[in-house]
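Structural description and commentary
This is what each chain is made of:
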Amino acid sequence: MNTVLCQEIIRYNRLLFEMRDSLINVKKALKGEVVMSEELERLSNSLFNNQVPKLWENKGFLSLKPLASWIQDLNERIDFLNNWIKGGTPIIFWISRFFFPQAFLTGILQNYARKHVIAIDRLQFDFMILDNYTNQEVHEISTRPEDGCYLFGMFLEGARWDSKNHVLAESRKKELYSDVPLVQLLPRVDKPKQKEGIYNCPVYKVLSRAGTLSTTGHSTNFVMFMDLPIPPSRDAKDPRDAKSVWIKAGVAIFLALRY
């Protein structure tokens, strides 16, 4: 996981250096010490309008937040990495803090493959929803899992998690998003595909759901599919009806919201 940490540090440092240099230049331009270029003018206008400057957006992480919330999010991400550097590998990973979460997920599979001497191509994740923990108890967990990892900090749209029946359920009235409980990602060898009783829920970084294919071969927005248990179909003759309810509702998981 040290490789993942180093890659994340490089990406965030690149963003921080860009922010520092551009802020110094725009401050000089406002004083008249340097020419106010079109790029610096756009930067100052974005700051005034509480928008993330395009200059930072190009070097930064995918986000739909306004500038104030974006800065707060950035500080929390930096704190997460600093705690990782000073205190060692976290027990629980706040997945929304990663610049490139796909690399982290691949790292989890690689660690398992090396530990058990198994080809990584044979591994897929099992998703265990640990809904017996409250939000306060999650932060009190003191031991990491033997294999895989704990994930926290995700949001459901179009549904909620029913902790009593351990399945997806319809959203409550006037509730747009709901928290996803603590999840354990557990690598499995030659995992069989379960056709019934499971909804393959897409996981995205942001609410737009749209993304482009990056040079790494991964989407800039889509992260993975997460298998979530669903209630049985009301129509016993057509078990596919159970899954179609959640597909039509557009149920998805997001790592970050707009605020």
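Focus on the packing of aromatic side chains
Enumeration over the complete set of coordinates arrives at 17 aromatic pairs. When the ring of Phe61 is compared with that of Trp70, the centres are 5.3 Å apart and the planes differ by 15°; the resulting orientation is stacked. The same class applies to Phe61 and to Trp70, which are both buried. For the pair Phe125 and Phe127, a centre-to-centre distance of 6.3 Å together with 50° between the ring planes defines the contact as tilted. Phe125 sits in the buried class, given a relative accessible area of 10%. Sitting over the face of the ring of Phe61, Arg77 holds its NZ or CZ atom 3.8 Å from the ring centroid.

Topic: the sheet that holds strand E2 (residues 123-130)
The strand order across the open sheet formed by four strands is E1-E3-E8-E2, and the pairing between neighbours is mixed. Single-partner strands in this sheet number two, and they are strand E1 (92-94) and E2. Averaged over all pairs of adjacent strands, the angle between strand axes in this sheet comes to 35°, irrespective of strand direction. Its contacts with the sheet place helix H5 (residues 101-116) against E1, E2, strand E3 (149-152) and strand E8 (182-189), and it is angled at close to 110° to E2.

Examining helix H2 (residues 38-48)
What H2 keeps buried is the set Leu40, Leu43, Ser44 and Ser46. In an axial view of H2, the angular spread of the buried residues amounts to 160°, which keeps them on one side of the axis. Residues of H2 that are exposed and angled more than 90 degrees away from the buried face: Glu38 and Phe48. Next to the buried residues of H2 lie helix H1 (2-31) and helix H3 (54-59).

Some thoughts on the sheet that holds strand E10 (residues 222-229)
Sheet architecture is open: five strands sit in the order E7-E4-E11-E9-E10, paired in mixed fashion. The two strands at the open ends of the sheet, each matched to only one other strand, are strand E7 (177-179) and E10. Strand-to-strand twist of the sheet, defined as the mean angle between neighbouring strand axes without regard to direction, takes the value 30°. Sheet topology note: the strand E9 (residues 198-204)/E10 ladder contains seven bridges and is antiparallel.

Here's the deal with the packing of H1 against helix H4 (residues 67-87)
Taken N-terminus to C-terminus, the directions of H1 and H4 make an angle of 140°; their axes are 11 Å apart at the nearest point. The pairing of H1 with H4 is recorded here as oblique in orientation. Judged by the twist between their axes, the crossing of H1 over H4 is left-handed. Residues Leu5, Glu8, Ile9, Tyr12, Leu15, Leu16 and Met19 of H1 touch H4, and the partners they reach there are Trp70, Ile71, Leu74, Arg77, Ile78, Leu81, Trp84 and Ile85. Of the residues in the contact of H1 with H4, the class split is 13 nonpolar, no polar and two charged.

Brief notes about the side chain of Glu8
Residue placement: Glu8 occurs in helix H1. A relative accessible area of 0% means that Glu8 is categorised as buried.

Notes on the environment of Leu74
Note that Leu74 resides in helix H4. When the C-alpha atoms of Leu74 and Tyr12 are compared, they prove to be 9.0 Å apart, with 62 residues separating the residues in sequence. Each residue touching Leu74, except ones within four places of it in the same chain, is listed here: Tyr12, Leu15, Leu16, Met19 and Phe61.

Things to note about unusual backbone geometry
Even without being a glycine, Asn50 presents a positive backbone phi close to 60°. Residue position: Asn50 is located in the loop between H2 and H3. The exposure class assigned to Asn50 is partly exposed, which follows from its relative accessible area of 35%. Of note, the phi angle at Val117 is positive, near 50°, even though the residue is not glycine. Mapping Val117 onto the fold places it in the loop between H5 and E2.

Considerations on the nonpolar core
Note on soluble globular proteins: their nonpolar side chains tend to be buried together. By size, the foremost hydrophobic cluster in this structure holds 57 residues, and its most contacted members are Trp70, Phe104, Met154, Leu168, Met226 and Ile253. Those residues within four positions of Met226 in sequence are excluded, and the remaining contacts are Phe127, Met154, Val183, Tyr199, Asn200, Cys201, Val203 and Ile253. With seven residues, the next largest nonpolar core counts Val138, Ile141, Phe152 and Leu182 among its residues.

Conventions we followed
- Residues numbered from 1 in each chain as written.
- Predicted model: local features only at pLDDT ≥ 70, side-chain atom pairs only at ≥ 80, totals over all residues.
- Heavy atoms only, no water.
- Phe/Tyr/Trp six-rings, centres within 6.5 Å; stacked < 30°, edge-to-face > 60°.
- Buried < 20%, exposed > 50% of the residue type's maximum accessible area, 1.4 Å probe, protein only.
- Lys NZ or Arg CZ within 6 Å of the ring centre and 35° of its normal.
- Pairing = 2+ DSSP bridges.
- Helix = DSSP H or I, 4+ residues; strand = E, 2+ residues; numbered from the N terminus.
- Axes fitted to C-alpha atoms, helices over the stretch in contact; angles between N-to-C directions.
- Contact = heavy atoms within 4.5 Å.
- Arc of directions from axis to C-beta.
- Parallel < 35°, antiparallel > 145°, perpendicular 65-115°, else oblique.
- Left-handed = near helix turned anticlockwise from the far one by under 90°.
- Nonpolar A, V, L, I, M, F, W, Y, C, P; charged D, E, K, R; others polar.
- Core = buried A, V, L, I, M, F, W, Y, C linked by side-chain atoms within 4.5 Å.

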